[in-house]
Each structure stands twice: as C-alpha cells, then as structure tokens.
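What follows is each chain in one-letter form.
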Amino acid sequence: MIAFGPVTSRRLGLSLGINNIVSRKVCSYSCIYCQIGETQHMSTDQETFYAPESLIKNVEEHLSMLDELHHPDYLTFVSNGEPTLDKNIGEEIRMLKKFEIPIAVITNASLLYHEDVRGNLMEADWVSVKLDTIDELTWRKINRPYSNIKLDKTLEGIIKFASVYKGKLHTETMLINNHNDSSEQVKQTASFISEINPDTAYLSIPTRPPAMKDVKPATEKTITMAWQIFCNTGITTELLTGFEGTDTGITGNAFEDILNITAVHPLREDTMKELLKKENTDMAVVESLEFLRLIKKTKYKGMNYYVRSYHF
C-alpha cells in the first residue's frame, strides 16, 4: 500500500501517489476537514516506515503496470498522514529521480522548522505547504496540532524553506465557513504568503467528506472575496473548488487498487464505477470490501463516497 493511482489532480495533472506512511494515519495535525478522518496517532517524531529500497521497488512495479495513457505527470508524496515524518523521504526523493518523472511533496509544513526536514525536500521539484491561517486560536481550532508544535516555529520554518528552495513552491489554504474566512483573517494570511512569494497560492474548500461532520466550506461569495484579496496582494492565486474528474490509473487488481487509493483519497461513487469498469469487474468487489470492513460508504453533499476503514 505505497504507490496508488495515478489519480487526476487539480494541481498536478495525472499524479501517481506515494503513501510513505504506514496503514494507520500518523500525523502532526488532526485537521477538522481532513478527507481521511481524524488522526489515529499524533506525532512529530521522524521514523522509518518503509525501507527506501522497498518503496522504490513498489513504485517501479506500479509504474510497470500502467498503460501509456496513464503515465504520470508527477510522483507525489501524499500520504495518510504527514509525509515529512518519514525520516528517509530525502533519500527516497533522490532514488526516485531515476524514473525521470517530476517529484512533488504535499506537506502541512509543521516540521519545516527542523533543518534536516527542509534539507530532505530540497531535491523535490514541486512542494506545497499548508497555511490555513496565521491566527493562533484559529490554527488550533482548524488544524488541531500536536501539543509540542508552535505556530511561530511553523511560520518561521516556512519562511526559511521558501528562502532557499529552488523548485516550484506553492501554498494551500483551506477556507472553512466561520473559521478562517473573514476578510481580516484572509488579509493576514495573504500578507504572510506574499512574503514568501510562492509560484501559486491555492485557495480550496472541502470537496470530500471531512473528519468533522459539522465542517462547512466557505460560501461562494467568501471564496471570491478571498481570491480578490490574494490577487490584490500580488499573489498568483488559483481556486481548487471543483471536482477533478473520474479518471484513475489501474494495475489490474481492483481489490488492491481500491484499498490503496481510498487510504488517502476517498473515491466518489462515479469514480469508483469508472475504476471498476476499467478493471472489468463490478460492485461485488466493493461490497466484499465493505463486508470485510476495509472500506465504508459515506455521503457528502448528496454524493456517496468510499473511504478506508481502520480498526486498531
């Protein structure tokens, strides 16, 4: 359960995901909007989850099973947790270079105050750092950080990383209704982001089932206001508010493909049906996975989604 997809990404085209964290969710945050649920194990300790050689072999085998139409645009570290908790991520990025596919990392930025973590990401081609707010109270309510993480240290780490990183740097701000979407808060966030001068700042809203059921996306009016504030601050800004499409890559093993994707990326019902069609199978596979309690169905905004289910 390391490589999965590729899936269609609103930022990266066809993105082959690399889940470099073990099957349970290990993260330094437990964001209220997280699409893979609440964090099962909170941590800021870097550790080895997989031997780098095993990770590279898994990616290589996965790539060999894809057809030409699903050759990925990026190899993306996007895990069921915080990818920089993997102490070997720097070595893994260097080893993945042999595939000659750009490498992306999507991080919550909470560990960037560590020099070694910043160093691990230097050879990635594309890095996105999370920045939902710079207000302490709001940060604690939305991101629910591990107890030893400090916001000032996190912001300092982002600034230090941005000052030396030579690849494509991006930020992502998730706008949550009545949390971080007031004009004052958005102006504060935009002001900080303008200082680090990213290639693109992404403004997003929850589009899949969030960890906390009472989480609501910012309204269309508020999203437009936020976009205008960011643009007026001189930041190249894009919205991530729509559905990315139903296309996914397959390996020919529907059982494994579904488990691997849903570990980090809930599958909407239409996407699931498209995957099953390409795998030449039917909903019986999904029903068996539900019966085994490996995945579960949930509804969000009138649509059915399938997500991984953990029991430990």
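Now for a quick tour of the structure. (Residues numbered from 1 in each chain as written. Predicted model: local features only at pLDDT ≥ 70, side-chain atom pairs only at ≥ 80, totals over all residues. Heavy atoms only, no water.)

Examining empty space enclosed by the protein
The following threshold applies: In this analysis, the protein atoms alone were mapped onto a 1 Å grid. Cavities are point sets where a 1.4 Å probe fits without being able to get out; pockets are open sets with protein on both sides within 12 Å along at least five of seven lines; lining residues have an atom within 4 Å of a point. Grid points are joined across faces, edges and corners, and a volume is the space filled by probe spheres set on the points. What counts as a helix is a DSSP run of H or I of at least four residues, what counts as a strand is a run of E of at least two, and both are numbered from the N terminus. As a working rule, the residues Ala, Val, Leu, Ile, Met, Phe, Trp, Tyr, Cys and Pro are called nonpolar, Asp, Glu, Lys and Arg charged, and the rest polar, with Gly in that last group.
Under the definition given, this model contains two cavities of 30 Å³ or more. Space inside the largest cavity adds up to approximately 880 Å³. As for the largest cavity, its lining consists of 41 residues, of which Arg 11, Gln 35, Val 78, Ile 106 and Glu 172 are closest to the centre. Counting residues per element, the lining of the largest cavity draws most heavily on strand S1 (residues 3-9), at four residues. Residue composition of the lining of the largest cavity, by class: 18 nonpolar, 14 polar and nine charged. Estimates place the volume of the second largest cavity at around 50 Å³. Lining the second largest cavity, in full, are Tyr 29, Asn 108, Lys 130, Leu 131, Asp 132, Thr 133, Trp 139, Asn 143, Leu 151, Thr 154 and Leu 155. Of all the secondary structure elements, the ones that give two or more residues to the lining of the second largest cavity are helix H4 (136-143) and helix H5 (151-164).

Concerning the layout of surface pockets
Sizing a probe to match a water molecule and rolling it over the atoms shows the empty space that remains. Considered as a void within the structure, the largest pocket measures approximately 540 Å³ in volume. Sorting the residues of the lining of the largest pocket by element identifies strand S12 (295-300) and strand S13 (303-308) as the ones contributing at least two each. Among the elements that make up the lining of the largest pocket, the one with the highest residue count is S12 (five residues). A class-by-class count of the residues in the lining of the largest pocket yields eleven nonpolar, six polar and eight charged.

A word on unusual backbone geometry
This is how the line gets drawn: Note on classification: 1.4 Å probe, protein chains only; a residue is buried when its accessible area is under 20% of the maximum for its type, exposed when over 50%, partly exposed between these limits.
Residue Gly 5 is joined to Pro 6 through a cis peptide bond whose omega torsion reads 10°. Of note in this structure, Glu 100 is not a glycine but carries a positive phi near 55°. One can find Glu 100 in the loop between helix H2 (89-96) and strand S6 (103-107). Residue Glu 100 is classed as exposed on the basis of its relative accessible area, which comes to 73%. Notably, Lys 301 is not glycine yet its phi reads approximately 55°, a positive angle. Judged by its relative accessible area of 54%, Lys 301 is exposed.

Overview of the packing of helix H6 (residues 183-196) against helix H7 (residues 220-232)
Let me state the cut-off plainly: Angles shown run from 0 to 180 degrees and are taken between the N-to-C directions of axes, each axis being a line fitted to C-alpha atoms and, for helices, limited to the stretch in contact. Helix crossings are classified by the rotation of the near helix relative to the far one: an anticlockwise turn of less than a right angle makes the crossing left-handed, while a clockwise turn makes it right-handed. Here, two residues are considered to be in contact whenever any of their heavy atoms come within 4.5 Å of each other.
Contact geometry of H6 with H7 gives a least axis separation of 9 Å together with a crossing angle of 35°. Pair H6 / H7 crosses with right-handed handedness. Residues Ser 183, Val 186, Lys 187, Thr 189, Ala 190 and Ile 193 of H6 form the contact with H7, whose participating residues are Met 225, Ala 226, Ile 229 and Phe 230. Of the residues that constitute the contact of H6 with H7, the class distribution is seven nonpolar, two polar and one charged.

A look at the side chain of Thr 200
Following the sequence through the fold, Thr 200 ends up in strand S9 (residues 200-204). Discounting chain neighbours no more than four positions away, the residues touching Thr 200 are Leu 169, His 170, Thr 171, Thr 236 and Glu 238.

Side note on the sheet that holds strand S11 (residues 267-268)
Defined as follows: Here the rule is simple: two strands pair whenever DSSP picks up at least two bridges between them.
Across the sheet, three strands lie side by side as S11-S13-S12; this open sheet has antiparallel pairing. The open sheet has two edge strands, S11 and S12, and neither has a second partner. In terms of strand pairing, S11 meets S13 through two bridges, oriented antiparallel. Within S13, the residue paired with Arg 268 across the bridge is Tyr 305. Against the sheet, helix H8 (residues 254-262) contacts S11, S12 and S13, and its axis sits at roughly 95° relative to S13.

Some details on the state of the cysteines
What counts is decided by this rule: We call a pair of cysteine sulfur atoms a disulfide when they lie within 2.5 Å.
Applying the stated rule across the entire model yields zero disulfides. Residue Cys 31 stays outside any disulfide, its sulfur separated by 6.4 Å from that of Cys 34, the closest cysteine. For Cys 31, a relative accessible area of 6% gives the class buried.

Digging into the pattern of salt bridges
Opposite charge on two side chains permits them to pair, given that their charged atoms come into close proximity. Note the following rule: By convention in these notes, a salt bridge is any Lys or Arg side-chain nitrogen within 4 Å of a carboxyl oxygen on Asp or Glu.
For the structure on display, the rule yields eight salt bridges. For Glu 136, the salt bridge identified is with Arg 140, shortest N-O distance 3.0 Å. Taken as a pair, Glu 136 and Arg 140 lie in helix H4 at a separation of four residues, close to a single helical turn. Glu 136 sits in the partly exposed class, given a relative accessible area of 38%. Arg 268 serves as the salt-bridge partner of Asp 270, at 2.8 Å between the closest nitrogen and oxygen.

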